[in-house]
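Here's the letter readout for the chains.
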Amino acid sequence: MHDTTAMLIELGAVILGLGILGRLAGRVGFSPIPLYLLAGLAFGHGGILPLQASEEFIATGAEIGVILLLLLLGLEYSASELVTNLKTQYPSGAVDFVLNAVPGAAAALILGWGPVAAVALAGVTWISSSGVIAKVLGDLGRLGNRETPVVLGVLVIEDLAMAVYLPILTALLAGVSLAGGTITLLISLGTVGAVLYVALRHGRLISKAVSSDNAEMLLLVVLGLTLLVAGIAQELQVSAAVGAFLVGIALSGEVAEGASNLLTPLRDLFAAVFFVFFGLSTDPADIPPVLVPALILAVVTALTKIATGWYAARRAGIGTRGRWRAGGTLVARGEFSIVIAGLAVGVEPRIGPLATAYVLILVIIGPLAARWTEPLARRLTRRPANPAPAAAPEAERADAVHTAT
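Everything numeric here is computed off the predicted structure, so don't read it as measured data.

(A) Spotlight on the pattern of salt bridges. Scanning the model with the defined rule gives 9 salt bridges in all. Measuring nitrogen to oxygen at the nearest pair gives 2.9 Å for the salt bridge that ties Arg-325 to Glu-147. Of the two residues, Arg-325 is situated in helix α13 (residues 320–329) and Glu-147 in the loop between α6 (130–139) and α7 (148–174); the sequence distance between them amounts to 178 residues. Like Glu-147, Arg-325 is buried. Residue Glu-348 is joined to Arg-350 by a salt bridge in which the shortest nitrogen-to-oxygen separation is 2.8 Å. The class of Glu-348 is buried, set by a relative accessible area of 9%. Residues joined by salt bridges that share partners form a network here, namely Glu-147, Arg-321, Arg-325, Glu-374 and Arg-378.

Here is the structure:
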């Protein structure tokens, strides 16, 4: 009974604190994500006042938060739009991989951690945080912007690539034979392919089966279906976030709109819990020794992500301002990077603190980059007024007349 009371008190304090931080961030026009993370860091292991009773509950809430973030992201687009994105964005996905995975792999090799750790750190630096970016896009009111489908296209390719990458990494870390790793990979690819096929071919039937005029029934069915598919996907070595995203794209029309309206408040609550848990799971004492290499890696890969977004938006015919916005939006790293680092600590223990410091830096810089990359680029590239060009057409006409005569 005492444990339950302590958990209720801690949870109440955490949620109330999140509300206060969210209001504070809203008043200054800033994303609350960095404040949530810093709060988690303050109340985690080694922090000011560590939480004990509610940690397990918060961990579960954090998993639900990531799932809901990806579900709501999937509800924004239909299956046909997803396939179109994949067809048009795969060159951007390749550029994304080269620009952002190579620095991580190179850093691990320079530090002498070996090839397996290099594969792991490549994943840490490669994958942007779909959860953080989805929240930032909503906070900044950019879901309807022209560059947003480009950003989401890159994120979708990354998330789907995780279905291939994670089984390979797991096999390398465990020293599994080639045959065992191949079977795991085939199961993963088969699961993703099956869900995509069902979403494309039978999405309307799924939406019709889920549809309900009763808001309570719609909420229960959609939430239950999402958690079920996410759990099955994770059991089959596919990311739970990818499973939730695929459920989102399988639903369309009025069902998708109704589910989005009902689930948005839940998403905001559990997403905040996710960011707090991320901070809670980090010991502040582990960060200073790896801060310098993490900072260098963060700066390099922030620039390569901006270059990735700029390239992807340029390919889609987006204007210069939209290109910079797309690049800045992709900077944040988060949930997948921590998952990858957690898998790899058995091979190279130092990868955990480095990855944690790296992600903390970029998950704080990410919302700032999303907001300020485009205005800063515009200011830096603004040219001073020059009257000379105005006279150029007259000079050209004079030259033409002179030539004609």
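Back to the write-up after that little detour.
(B) Representation of the confidence of the model for the chain in the model. Overall, the predicted model of the chain reaches an average pLDDT of 80, with 85% of residues at or above 70. Taken element by element, the chain is modelled with least confidence in helix α16 (residues 388–404), mean pLDDT 40, and with most confidence in helix α12 (residues 291–315), mean pLDDT 95. In the predicted structure, residues 387–405 sits below a pLDDT of 50 and forms 0 contacts with residues beyond four places in sequence or in another chain.

(C) Summary view of the packing of aromatic side chains. Under the definition given, this model contains 3 aromatic pairs. Summarising the aromatic geometry, the rings of Trp-126 and Tyr-165 are spaced 6.1 Å apart at their centres and angled 85° between planes, so their arrangement reads as edge-to-face. Here Trp-126, found in helix α5 (residues 115–126), pairs with Tyr-165, found in helix α7; they are 39 residues apart in sequence, far enough to count as distant. Put simply, the rings of Phe-97, Trp-126 and Tyr-165 pair up and form one aromatic cluster. The ring of Trp-310 is capped by Arg-323, whose NZ or CZ atom sits 5.0 Å from the centre of that ring.

Quick notes on the rules
- Residues numbered from 1 in each chain as written.
- Predicted model: local features only at pLDDT ≥ 70, side-chain atom pairs only at ≥ 80, totals over all residues.
- Heavy atoms only, no water.
- Salt bridge = Lys/Arg side-chain N within 4 Å of Asp/Glu carboxyl O.
- Helix = DSSP H or I, 4+ residues; strand = E, 2+ residues; numbered from the N terminus.
- Buried < 20%, exposed > 50% of the residue type's maximum accessible area, 1.4 Å probe, protein only.
- pLDDT = per-residue confidence, 0-100.
- Contact = heavy atoms within 4.5 Å.
- Phe/Tyr/Trp six-rings, centres within 6.5 Å; stacked < 30°, edge-to-face > 60°.
- Lys NZ or Arg CZ within 6 Å of the ring centre and 35° of its normal.

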